[in-house]
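Examining the three-dimensional arrangement
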Amino acid sequence: MAITVLIVEDEEKIGRFLELELMHEGYGVMKAANGREGLEKAQSGKADLVVLDVMLPELNGFEVLRRLRKNSDIPVIMLTARDEVMDKVAGLDGGADDYMTKPFAIEELLARIRLVLKKRGGAVSMAGQNKSQLGVGRLSMDVQRYEVSYDGKQVELTHREFELLRVLLENKNIVISRDTLLQKVCGYDYMGETNIIDVYVRYLRSKLDDVYQVKIIQTVRGVGYCIKDEN
Ligand code: CA
C-alpha cells in the first residue's frame, strides 16, 4: 500500500514540483493550499505524513501544527524560509518531526521523508523499498543506511556526491542531462555555478574511478552523464 503525503503549500510552483517528485517516488499525494484546508486534510486520517509550509494564508504552519497535535501524531516535516532559526526551534518544540530550509534539494527532502517514516515505525513505501539497494558491478549503495561501498570497502561521500550518484544509479543506462542533475541534486531554484555538476562528477571519479581503476560514470558529450550496466 502506498504511503500518502499531504503537501500544505500555498506557492503553486513548489506544490506542483513536490507533487510530481513524490508521485515519481511512488507516494500517493494530497494537496492543500492554505492552513485551514491543510489542517482538515491532516486530521482526515487519509495522509501518512505532512509536508507543512510555515508561511501560509488563513492559518500559518505553526498554528496548523499546534492544533493538529491536540489529536494527531501524524509525522510532520516543516518547510521554513532560509535562516529562520527561531522558526526551526518553534517548529520542533511544537511537535514537528523535522524541518527543511527553503530552498532545498528535493533529494534531501525525500531522504528526510524516508527517515521520518522509518523512525515512526518502519513504514516505507514500496518504491522506497525497491530503491533502497542500488548498484552497478562492484559498486553498491544502501540508500536507507546512506552508505556506498566498492568491492565491500566503504566509500566516504559528501551529501551532494551521494545524491548525484544515487540519481545516476536510479536511472541506470539512461543519459541524464546536467540540468536535470542540477535540479535533482542542488534544488529547483539553485542559482550558483551551472558547471557544479561537472565538479561533483570529478569529485566522484576521484573517489571511485581513480582509486579502483574503473570507469563508472560515462560522459555523454554535449548532453550529460550516465552509468551503464556493463562497461
Ligand atoms: Ca508559503
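As a starting point, this report considers the structure included with it.

Thresholds applied
- Residues numbered from 1 in each chain as written.
- Predicted model: local features only at pLDDT ≥ 70, side-chain atom pairs only at ≥ 80, totals over all residues.
- Heavy atoms only, no water.
- Donors = N, O, S within 2.8 Å, 3.2 Å for Na, K, Ca; no water.
- Helix = DSSP H or I, 4+ residues; strand = E, 2+ residues; numbered from the N terminus.
- Buried < 20%, exposed > 50% of the residue type's maximum accessible area, 1.4 Å probe, protein only.
- Core = buried A, V, L, I, M, F, W, Y, C linked by side-chain atoms within 4.5 Å.
- Contact = heavy atoms within 4.5 Å.
- Pairing = 2+ DSSP bridges.
- Axes fitted to C-alpha atoms, helices over the stretch in contact; angles between N-to-C directions.
- Phe/Tyr/Trp six-rings, centres within 6.5 Å; stacked < 30°, edge-to-face > 60°.
- Expected span 1.5 Å × (residues − 1).

**Re the coordination of the calcium ion**
The protein atoms donating to the calcium ion are Asp-10 (OD), Asp-53 (OD) and Met-55 (O), with metal-donor distances spanning 2.1 to 2.3 Å. Donor residues for the calcium ion sit on one chain with the sequence pattern D-x42-D-x1-M. Highlighted residues: Asp-10 in the loop between strand E1 (4-8) and helix H1 (12-24) and Asp-53 in strand E3 (residues 49-53), separated in sequence by 43 residues. A relative accessible area of 3% places Asp-53 in the buried class.

**Some words on the nonpolar core**
Residues Leu-139, Leu-164, Leu-165 and Ile-197 are the most contacted members of the largest nonpolar core, which totals 30 residues. Counting only elements with at least two residues in this core, the list comes to strand E6 (133-136), strand E7 (139-142), strand E8 (147-150), helix H7 (159-170), helix H8 (178-186), helix H9 (196-207) and strand E12 (224-227). For Leu-139, the contacting residues outside a window of four places in its chain are Leu-134, Val-148, Ser-149, Tyr-150, Leu-165, Leu-169, Leu-208 and Ile-216.

**So, the sheet that holds strand E10 (residues 176-177)**
Ordered by their spatial adjacency, three strands build an open sheet running E10-E12-E11, and the pairing between neighbours is antiparallel. This sheet does not close on itself; its edge strands, each paired only once, are E10 and strand E11 (217-220). With two bridges joining them, E10 and E12 adopt antiparallel strand pairing. Bridge pairing in E12 places Ser-177 opposite Gly-224. Packing of H9 onto the sheet brings it into contact with E11 and E12, and relative to E11 it is tilted by some 145°.

**Structural notes on the sheet that holds E7**
Strand order in the open sheet formed by four strands is E6-E7-E8-E9, with antiparallel pairing between adjacent strands. Each edge of the open sheet carries a strand with a single partner, namely E6 and strand E9 (153-155). In this sheet, adjacent strand axes meet at a mean angle of 25° when their direction is disregarded. By the bridge criterion, four bridges tie E7 to E8 in an arrangement that is antiparallel. Note on E8: the bridge partner recorded for Leu-139 is Tyr-150. Sheet contacts for H7: E6, E7 and E8; angle to E7, the most-contacted strand, approximately 110°.

**Digging into unusual backbone geometry**
Of note, the bond from Lys-102 into Pro-103 is cis; its omega dihedral lies within 30 degrees of zero at -5°. When you line up the elements, Pro-103 lands in the loop between strand E5 (98-101) and helix H5 (106-119). Positive phi, close to 70°, is recorded for Asn-173, a residue that is not glycine. Along the chain, the position of Asn-173 falls in the loop between H7 and E10. Residue classification places Asn-173 among the partly exposed residues on the basis of a relative accessible area of 44%. One non-glycine residue, Gln-213, lies in the positive phi region at around 55°.

**Here's the deal with the packing of aromatic side chains**
Given two aromatic rings, one states the distance between the centres and the angle between the planes to describe the pair. Overall, the coordinates contain three aromatic pairs when judged by the stated rule. Centroid distance Tyr-146 to Phe-162: 4.0 Å. Interplanar angle 20°. Geometry classified as stacked. Remark: Phe-162 occurs in helix H7 and Tyr-146 occurs in the loop between E7 and E8; sequence separation between them is 16 residues. A residue is classified by how much of its surface remains accessible, and Tyr-146, at 35% relative accessible area, is partly exposed.

**Some details on H7**
Here H7 contains twelve residues, and its C-alpha end-to-end distance of 16 Å stays within 8% of the 16 Å for a straight helix at 1.5 Å per residue. Burial in H7 covers these residues: Glu-161, Phe-162, Glu-163, Leu-164, Leu-165, Arg-166, Val-167, Leu-168 and Leu-169.

**Topic: the pairing of strand E2 (residues 28-32)**
In terms of strand pairing, E1 meets E2 through five bridges, oriented parallel. The residue bridging Val-8 from the neighbouring strand is Ala-32, located in E2.

The values are spatial; any link to function lies outside them.
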